[in-house]
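Working through the structure, step by step
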Amino acid sequence: MSTTAEHPHSPVVRTERIGSTLLITLDRPEARNAVNAAVASALADALDALEADPTLRAGVLTGEGGTFSAGMDLKAALRGESPEIEGRGFGGLTEAEPTKPLIAAVEGFAMGGGFELALACDLIVAAEDARFGLPEVRRGLIAAGGGVIRLPKRVPHHLAMELLLTGEPVDGRRAGDLGLANRVTAKGQAVAEALRLAERLTDNAPLALAAVKRVVRAADGAPDAEAFAFQRTQMKTLMASDDVREGMTAFAERRPARWTGR
């Protein structure tokens, strides 16, 4: 099933269900999928659709036309448009907390806010010739959509500072070497590999996947005692779930688990 998020002037985000994965495609190739107000709103709607459907287990975010996203639409910003959604950040994603795994499939440019959208995802698959960069300092800005905050947590401090202070990009191969990308593919294969990775994730219990994400977020910068206390609350909930009973039963019966998400 394929659907399109419609906004006043043009469809700017497409969604397509592939198995239990929702493929979300930024669709402004004429603007290298730059994010304006319409894209931010449509992307937020697509993420809401992913969260609301219990039969969808993961999402893959990509861009049309061989480009992931060139980041903020500067022309739209000069007209007064905001690429942010209140409470959800740039593109409706960078400050959101989706419970389901989200994978960025990056072809071509992921620059500025485009890179920040990828950093907001749980996993990144990159084509070898993709380009990741945070050039905001060249425009008198900083990477305020999560780049300054998240990048130093993903790569060693001095490498993060080099990317943030020079604004120079790295390609997909280098992103893989730095640990920024989980998988590096040939050109044109990022979406296919991301979908395969998504299906591997969806073999696992949906409640457990969501709990992993919550614990990782809560533990970020928290003292160990607080992190373990929060983790215990998540484990208590999981242990009372149908999914845990199903997982243990399936193991004992040597069969694949049939998850219900309850």
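Quick summary incoming for the structure in this document. (Residues numbered from 1 in each chain as written. Predicted model: local features only at pLDDT ≥ 70, side-chain atom pairs only at ≥ 80, totals over all residues. Heavy atoms only, no water.)

Thoughts on the pattern of salt bridges
- Per the counting criterion, the structure on display carries 17 salt bridges.
- Notably, a salt bridge pairs Lys213 with Asp122, separated by 2.8 Å at the nearest N-O pair. Taken together, the residues Lys213 in helix H8 (residues 206-219) and Asp122 in the loop between helix H3 (113-119) and strand S9 (123-127) connect sequence positions 91 residues apart.
- On the accessibility criterion, Asp122 (38% relative accessible area) is partly exposed.
- What you see here is one network of salt bridges that share partners, running through Arg14, Asp27 and Glu64. (Salt bridge = Lys/Arg side-chain N within 4 Å of Asp/Glu carboxyl O. Helix = DSSP H or I, 4+ residues; strand = E, 2+ residues; numbered from the N terminus. Buried < 20%, exposed > 50% of the residue type's maximum accessible area, 1.4 Å probe, protein only.)

Side note on the layout of surface pockets
- The volume enclosed by the largest pocket comes to roughly 890 Å³.
- Taken together, 32 residues line the largest pocket, and the ones lying closest to its centre are Ala120, Cys121, Asp122, Arg150 and Arg154.
- Counting only elements with at least two residues in the lining of the largest pocket, the list comes to H3, S9, helix H4 (147-154) and H8.
- Per element, the largest residue contribution to the lining of the largest pocket is five residues, and it comes from H8. (1 Å grid on protein atoms, 1.4 Å probe; cavity = no way out; pocket = protein on both sides within 12 Å on 5 of 7 lines; lining within 4 Å. Points joined across faces, edges and corners; volume = space filled by probe spheres on them.)

Points about helix H9 (residues 224-239)
- Taking 1.5 Å per residue, 16 residues should reach 22 Å; H9 reaches 22 Å between its end C-alpha atoms and fits that length.
- Of all the residues in H9, the buried ones are Ala227, Gln234 and Leu238. Looking straight down H9, one finds that the buried residues subtend no more than 45° of arc, so they occupy a single side. Residues Ala225, Glu226, Arg232 and Lys236 are exposed on H9 and point more than 90 degrees away from its buried face.
- Lining the buried residues of H9 we find H8 and helix H10 (242-253). (Expected span 1.5 Å × (residues − 1). Arc of directions from axis to C-beta. Contact = heavy atoms within 4.5 Å.)

Re the packing of aromatic side chains
- Scanning the model with the defined rule gives one aromatic pair in all.
- Positioned over the ring face of Phe109 is Arg32, at 4.8 Å from the centre of the ring. (Phe/Tyr/Trp six-rings, centres within 6.5 Å; stacked < 30°, edge-to-face > 60°. Lys NZ or Arg CZ within 6 Å of the ring centre and 35° of its normal.)

Quick look at the sheet that holds strand S10 (residues 131-133)
- Overall, mixed pairing links the three strands, which are arranged S8-S10-S11 in an open sheet. Lying at the two open borders of the sheet, with one neighbouring strand each, are strand S8 (109-111) and strand S11 (170-171).
- Two elements, S8 and S10, share three bridges in a ladder whose sense is parallel. Counted as the bridge partner of Ala110 is Phe132 from S10. (Pairing = 2+ DSSP bridges.)

A short note on the nonpolar core
- Among the nonpolar cores identified, the biggest contains 44 residues, and Leu61, Leu93, Val106, Leu117, Phe132 and Leu151 are the most heavily contacted of them.
- Counting residues per element, the ones that place at least two in this core are strand S3 (21-26), helix H1 (37-52), strand S7 (102-106), H3, S9, helix H5 (157-166) and helix H6 (172-178).
- Ranked by residues supplied to this core, first place goes to H1 with seven residues.
- Residues contacting Phe132, with those up to four places away along its chain left out, are Val106, Ala110, Met111, Phe115, Ile124, Ala126, Pro169, Val170, Asp171, Gly172 and Ala175.
- Residues Leu23, Ala194, Leu195 and Leu197 belong to the second largest nonpolar core, which totals 13 residues. (Core = buried A, V, L, I, M, F, W, Y, C linked by side-chain atoms within 4.5 Å.)

With respect to the environment of Lys213
- Lys213 sits in the buried class, given a relative accessible area of 10%.
- Each C-alpha atom of the pair Lys213 and Pro101 lies 8.1 Å from the other, and the pair is 112 residues apart in sequence.
- Leave out the neighbours within four places in its chain, and Lys213 touches Pro98, Thr99, Lys100, Pro101 and Asp122.

Overview of the packing of H8 against H9
- Here H8 crosses H9 at 165°, and the two axes come no closer than 9 Å. Comparing their axes, H9 and H8 come out roughly antiparallel. In the packing of H8 onto H9, the handedness of the crossing is right-handed. When H8 is examined against H9, the residues Leu207, Ala208, Ala211, Arg214, Val215, Ala218 and Ala219 are found in contact with a partner set consisting of Ala227, Phe230, Gln231, Gln234 and Leu238.
- Residue composition of the contact of H8 with H9, by class: nine nonpolar, two polar and one charged. (Axes fitted to C-alpha atoms, helices over the stretch in contact; angles between N-to-C directions. Parallel < 35°, antiparallel > 145°, perpendicular 65-115°, else oblique. Left-handed = near helix turned anticlockwise from the far one by under 90°. Nonpolar A, V, L, I, M, F, W, Y, C, P; charged D, E, K, R; others polar.)

Shape is all these values report; function is a separate question.
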